[in-house]
Amino acid sequence: MTTTPTRPRATPSTPPTAGRTDERQWVGRGVDRRDGPAKVHGDALYTADRPFPGLTHGWMVHAPHARARIVAIDTAAARAHPGVVDVVTHDNAPRMAPPPSASLLDLSSLASRSRVEYLNTDQVHYDGQPVAVVVAESLETARYAASLVRVDYEVLPATTDFRAARDTATRAKQTPAAPTVSGTKGDAVASLDASPVVVELGLTTPAHHHSAMEPHVTTAHWDGDRLTVWDPTQGIDWCRKHLARRFGVDVRQVRVLAPVIGGGFGGKGSVWAGTLLTVLAARHVERPVRMALSREAVTRTVGARTPTMQRVALGADRDGRLRSVVHEAVVRSSTVGGGSEQVVAVSTALYATPALRVGTEVVELDMLPNTFMRAPGDATGSFGLESAMDQLAHDVSLDPVELRLRNDTDRTPLHGRRFSHRRVPDLMELGSREFGWAERGPGGRRDGDRLVGHGMALAYHPALTFEAHVVLRATAAGRVVLRTSAQDMGMGIATVLAQVVADELAVPLDRVGVEYGDSDQPIAPPAGGSTQTASLTAATVRAAERLRSRVQRLGPSAAGSVLDAVRAHGQDVEVVVGHDEGLRARAGTLRWIAETLWGQRRWQRAAWGAHFCEVAVDADTGEVRVTRWVGAFDIGAVLNAKTAASQLRGGIVMGLGLALTEESVTDARTGRLVGPDLTHYHVPSHADVPEIGIHLLGDPDPTAPRGVVGAGEVGITGVGAAVANAVFDATGRRLTHLPLTPDRVLGLAPEA
Amino acid sequence: MPAPPPARPVTLTVNGRRTTASLEPRTSLLDALREQAGLTGTKKGCDQGACGACTVLVDGRRVLGCLTLAMQAEGCHVVTIEGVGPHHPLQDAVVHHDGLQCGFCTPGQVCSALGMLAEHRAGAPSLVTEDLAADAVPLTSAEIRERMSGNLCRCGAHNGLVAAVREVAESGSAR
Ligand code: FES
Ligand code: FES
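Residues numbered from 1 in each chain as written. Chains lettered and ligands numbered in written order. Predicted model: local features only at pLDDT ≥ 70, side-chain atom pairs only at ≥ 80, totals over all residues. Heavy atoms only, no water.

Novice: Summarise the domain arrangement of chain B; cite the residues concerned and give the values.
Specialist: All names here are of chain B. If you check the domain split of chain B, you get domain 1 (8-83) and domain 2 (85-171). Taking the mean C-alpha position of each, domain 1 and domain 2 sit 21 Å from one another. Domain 1 puts 17 residues into the contact, and the matching count from domain 2 is 17 residues. With both chains or domains summed, domain 1 and domain 2 bury close to 1300 Å², and 57% of this area falls on carbon and sulfur atoms. Inspection of the domain 1/domain 2 interface yields one salt bridge. Glu119 is paired through a salt bridge with Arg62; the nearest N and O atoms lie 2.8 Å apart. Taken together, the connections running from domain 1 to domain 2 amount to six residue pairs in polar contact (both at pLDDT 80 or more). (Domains from an automatic or database assignment. Contact = heavy atoms within 4.5 Å. Buried area = accessible area lost by both parts, 1.4 Å probe. Salt bridge = Lys/Arg side-chain N within 4 Å of Asp/Glu carboxyl O. Polar contact = N/O pair within 3.5 Å; in protein donor to acceptor, adjacent residues only side chain to side chain.)

Pasting the structure below:
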């Protein structure tokens, strides 16, 4: 399928100048996103929008217990209801193979965050677990008939209280190539004790929901053993391999399509119950099934970001130079999946210190497995470290910027690896200048009912690349088409890849098409970990090199531009980068592992940033309003100034939610989410979001393909701390429990 | 739950076209538009009135399609995102200011903004309006943010959306 825009307004905002002078015409420019016109007109077809012949609709029934055994399910009333096709339960569902265990050799194994054998078991492992799916001719009928299903449970004892189960935590083991969860250098505890200045904070952050505006939805259609699935997945290839394995069919029989995705943020990175059960139900009823999850179903069946308990201790000299850093975290996982998270990794990257100790403990509960959400670990861990640094700046009477300059480092403090590229002082200078940091005046200035304060914090996110495969074709009709199974959940991947192709081949941007979002295309990495753009840029550049040299070998017609040469040749020219199957695919994976491990031993690559903000705290109500924001970022080379700034802003906005309003509440006695919807879980609204100034260094990373480092996650890191530091400046209160709701700001909240 | 009452024919005028469909009383305007009329530009983000993705204009006023029964709109003029374009300046401005990423909230934002601008022209104040007695309330960014806060955007495209609405409001081309 093609997603190349057809509307005339999809053309770039700045026309190409005749006769190219510099190499890069398009890369770096703020070209309008290609899918913009279709989306503002309501023409873009998201998964739930796509008409499908003979479609039936699914609706889940959720278990209301954290641990239970299903004694009996009575589906008679539901089945008898007119319009109901069938009710699928563990009594009648087709069998699925169990999920694979995680392996670096097959990254698709990472697609399953949950080990629950949905509708293949009578065991309930978490509150909200689906225990039946009603399939009906209409959505309304399915939803209504789900209320007619009666389930008898034998309720079993469950462990659902994160704090109370703290003592059952086990230490997370550090594995190679995985993000940092533990490590030591020197004797951090002794150094801490010997330090003239010590800051110690105990902090907590709650669970967060991704809350993409598009709820999870799947359409599944079986034709014999051929399976077609429409699903807004962030990982088309992983989803396809996972489904092939679970349903016992050859991977070539499975096609997964995700041409338009309404946001993901990590929540659509794994294969959750909704996807599996739609495919299962379609197999059972032998008709196409669509299951559009309600917001409640999304929240109860798709994992959240883990809550954290953190302890950060800093030991320093009186001039602010660090002697010791200790960062410990406790995270919540599940008895049926989930895992640890790199909450403490930020402390192994930001500041020079002779002694360091980081560690992570994991509490397993009878709850829905936790999962990765935008900047996993770093979003919450940076709140801990950067709050403590702010406190240290205060205690040694230094400007927070000056304290960070004194502790800047060009090597990772834990392993002593060189950073491929780190310009933190330049970022702080750029950010302070744009914000007017030096002119901010003393904290706690009164403006009517409000106390005004200012805060800053650093942002950091490690950068990786994955293997990516592409096909690049120059057609005799005068177009260039790039194909890859990448997914665009809103970052504008097609737009930037078209810019790269246009520059690499020196062709006009409007001649470049990008087709994506379909597993029939070459394998691309998942959209996660800020890896997709860099990985695909590398593959695209390689493809363009190959295409150019193929065209040069065409003979006499090879004169002039690539498109002229191919036109004269009279036949399309196509090149392939990467192998999707067979021995060469294996070899490619092994090469990627080797390169990644080797690269990690030599240098640490990352995206960086410095946030500066102003808050106004209502002295009577404790309400915090963020009134100004400036973020300076180093994301390597910038492919598209407009979409990159939007991604960074998006991260900061999500960070404002983390700082001020977002808190997933679980009833600790039952393990049930309280208010699993957008009415109780408050994501930022327009009134919460000030004008956010984004400033980019635009300096290519020397070790990254075309100097590109991902921009999707760094924006959210540090935001929680920047806001809390500004509240400290305004009120003198060091708040260490997120979110900073009025009760906490006024000191009225009971905290553990 | 009691069994649902049966369907009956309902005539709606959507984007200037009269259509009659057999609808159950429980069917929301949002589901009727999406599932019956095939107008899928209007999105379902929550089905509970919390996100604004389903915003459409009913007789010129912005309403949440998920909280409106289709039968309530009988005899009314419904305008969805498909009826706004194809070349409304606000749509162009949203693209130009990059007031979207995933685009899922965008149709609701656009419809809501058009309804909001009409409310503003009619003199409606908001919570942040300083002078309630003033003849004309200046449509500042703060006013736009306050008035658009019923439309959530998880991608964080707020700045671009506000810039687009402001530009169109100032140019007077929103009608
Ligand atoms: S779908 Fe109607 S407000 Fe969310
Ligand atoms: S653009 Fe994705 S939710 Fe607004």
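Novice: Give me the packing of aromatic side chains: which residues, what numbers.
Specialist: All names here are of chain A. Enumeration according to the criterion identifies seven aromatic pairs over all chains in this entry. On the basis of an interplanar angle of 85 degrees and a centroid distance of 5.1 Å, the ring pair of Phe419 and Trp608 is categorised as edge-to-face. Pair noted here: Phe419 is in strand β17 (residues 418-419) and Trp608 is in strand β25 (residues 606-618), with a separation of 189 residues, a long-range link. Note on Phe419: relative accessible area 7%, which makes it buried. (Phe/Tyr/Trp six-rings, centres within 6.5 Å; stacked < 30°, edge-to-face > 60°. Helix = DSSP H or I, 4+ residues; strand = E, 2+ residues; numbered from the N terminus. Buried < 20%, exposed > 50% of the residue type's maximum accessible area, 1.4 Å probe, protein only.)

Novice: Residues and numbers for the layout of surface pockets, please.
Specialist: By volume, the second largest pocket amounts to about 1200 Å³. If you go around the second largest pocket, you meet 41 residues; those closest to its centre are A:Glu623, A:Arg625, A:Ala687, B:Val128 and B:Glu146. Of all the secondary-structure elements, those providing two or more residues to the lining of the second largest pocket are β26 (624-634) and α15 (641-660) of chain A together with α5 (141-147) of chain B. Looking at the lining of the second largest pocket, its residues break down into 21 nonpolar, nine polar and 11 charged. (1 Å grid on protein atoms, 1.4 Å probe; cavity = no way out; pocket = protein on both sides within 12 Å on 5 of 7 lines; lining within 4 Å. Points joined across faces, edges and corners; volume = space filled by probe spheres on them. Nonpolar A, V, L, I, M, F, W, Y, C, P; charged D, E, K, R; others polar.)

Novice: An account of the pattern of salt bridges is requested, with residue identities and associated values reported.
Specialist: In the structure shown here, the tally under the stated rule is 51 salt bridges over all chains. The closest approach of N and O atoms between A:Arg33 and B:Asp98, which form a salt bridge, is 2.7 Å. With one member in each of two chains, A:Arg33 in the segment before α1 (36-40) and B:Asp98 in the loop between α3 (89-96) and α4 (106-121) form a pair that bridges those chains. With respect to class, A:Arg33 is no different from B:Asp98; both count as buried.

Novice: Describe in detail the sheet that holds strand β2 (residues 68-74) of chain A, supporting the description with residues and values.
Specialist: Residues and elements named next belong to chain A. Reading across from one edge, β4-β2-β6 is the order of the three strands in this open sheet, with antiparallel pairing throughout. The outermost strands of the open sheet, each flanked by one partner alone, are β4 (123-124) and β6 (150-155). For β2 and β4, the ladder comprises two bridges, and the chain directions are antiparallel. Each residue of the ladder has a partner; that of Ala68, found in β4, is Val124. (Pairing = 2+ DSSP bridges.)

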